[in-house]
Amino acid sequence: MWWVLWVLAALLALFCSLDVWYFLRAAVVILRAWFQPPVFDITAEQVLTGRVTPHDIDMCHMNNARYLRECDFARFSLYTRNGVFKAVRALGASMVVGATTIRYRRALCIGEGYELRSRIVTWDDKAFFLEQRFVSTRDGLVCAIMYCKQSVIRSSPDKIMQHLCKRKVECPEFPEDLQHWVNFISASSQTLRAESGLEEKNK
């Protein structure tokens, strides 16, 4: 009987200290993607389907933060199937989200189905840039669209692409709207560096 109490106490401590459901969901998404056919076109769009559940909502529509959480899982699937995760591990690199921006166009209501369409749009010397769209299965409307800057640490997107394609790959041009956002990120970084005194220290 005591061991049951110990297990319950351990589970309680685990759920109180970690977002257990996030890690379980991530593991399931990656495992599922692992057994799906690989996608050899790195920039190809991949689609995950979902439905708004009571766990996702506030005021009967999907909570704003849930969109970003679902985008996390979609990127895990994307990188598993197109080989980016494998290349990152082989190169001893890692990736972190450097910036995101999301535009909400119409609420996804409870019970509504959607497709989450993710693709790598382009890259520069430090990061991949992705587009992720929430498209309602009810009427085909793009309910939300997000751009994500996925920064590469201890390597570069070019090296990852060369590892995957075994040749030099030219990056696609930046769409105009994405370029505006990248310019904003650069301007914001310069402003914050100046406020922190980093620009003076580097002179």
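Each remark here, short or long, concerns the structure printed above.
Below or above, wherever it landed, is the structure these notes cover. (Residues numbered from 1 in each chain as written. Predicted model: local features only at pLDDT ≥ 70, side-chain atom pairs only at ≥ 80, totals over all residues. Heavy atoms only, no water.)

Some words on the pattern of salt bridges
- In the structure shown here, the tally under the stated rule is 11 salt bridges.
- The closest approach of N and O atoms between Arg69 and Asp19, which form a salt bridge, is 3.0 Å. In this pair, Arg69 is assigned in helix H3 (residues 64-82) and Asp19 in the loop between helix H1 (2-17) and helix H2 (20-34), connecting sequence segments 50 residues apart.
- Here Asp19 falls in the partly exposed class, since its relative accessible area comes to 36%. (Salt bridge = Lys/Arg side-chain N within 4 Å of Asp/Glu carboxyl O. Helix = DSSP H or I, 4+ residues; strand = E, 2+ residues; numbered from the N terminus. Buried < 20%, exposed > 50% of the residue type's maximum accessible area, 1.4 Å probe, protein only.)

Some details on unusual backbone geometry
- Positive phi outside glycine occurs at Met59, with the angle close to 55°.
- Secondary-structure assignment places Met59 in the loop between strand E2 (57-58) and strand E3 (61-62).
- By relative accessible area, Met59 is classed as exposed at 74%.
- A positive phi angle, near 60°, is found at Lys166, a position not held by glycine.
- Assignment of secondary structure puts Lys166 in the loop between helix H5 (157-165) and helix H6 (176-195).

A few points about the nonpolar core
- In terms of nonpolar packing, the biggest core is built from 29 residues, with Val84, Leu108, Ile120, Phe128 and Phe134 touching the most fellow members.
- Every element with two or more residues in this core is listed here: H3, helix H4 (84-90), strand E5 (113-123), strand E6 (127-136), strand E7 (142-153) and H5.
- The residues touching Val84, leaving out its near neighbours within four places in the chain, are Ile42, Tyr79, Met95, Ile120, Ile160 and Leu164.
- Formed by 9 residues, the second largest nonpolar core is a distinct cluster that contains Ala99, Val121, Tyr147 and Val182. (Core = buried A, V, L, I, M, F, W, Y, C linked by side-chain atoms within 4.5 Å. Contact = heavy atoms within 4.5 Å.)

Digging into the packing of aromatic side chains
- Across all of its chains, the model carries 12 aromatic pairs by this definition.
- Ring centres 5.6 Å apart and planes at 65° place the aromatic pair Phe15 and Trp21 in the edge-to-face group.
- Note on Trp21: relative accessible area 53%, which makes it exposed.
- Relative to Phe76, the ring of Phe73 has its centre 6.3 Å away and its plane inclined at 65°; by these criteria the two rings are edge-to-face. A residue pair is termed a helical-turn pair when its members lie 3 or 4 positions apart in one helix, as Phe73 and Phe76 do in helix H3 at 3 residues.
- According to the relative accessible area criterion, Phe73 is buried, its value standing at 1%. (Phe/Tyr/Trp six-rings, centres within 6.5 Å; stacked < 30°, edge-to-face > 60°.)

All we've got here are geometric facts, nothing functional implied.
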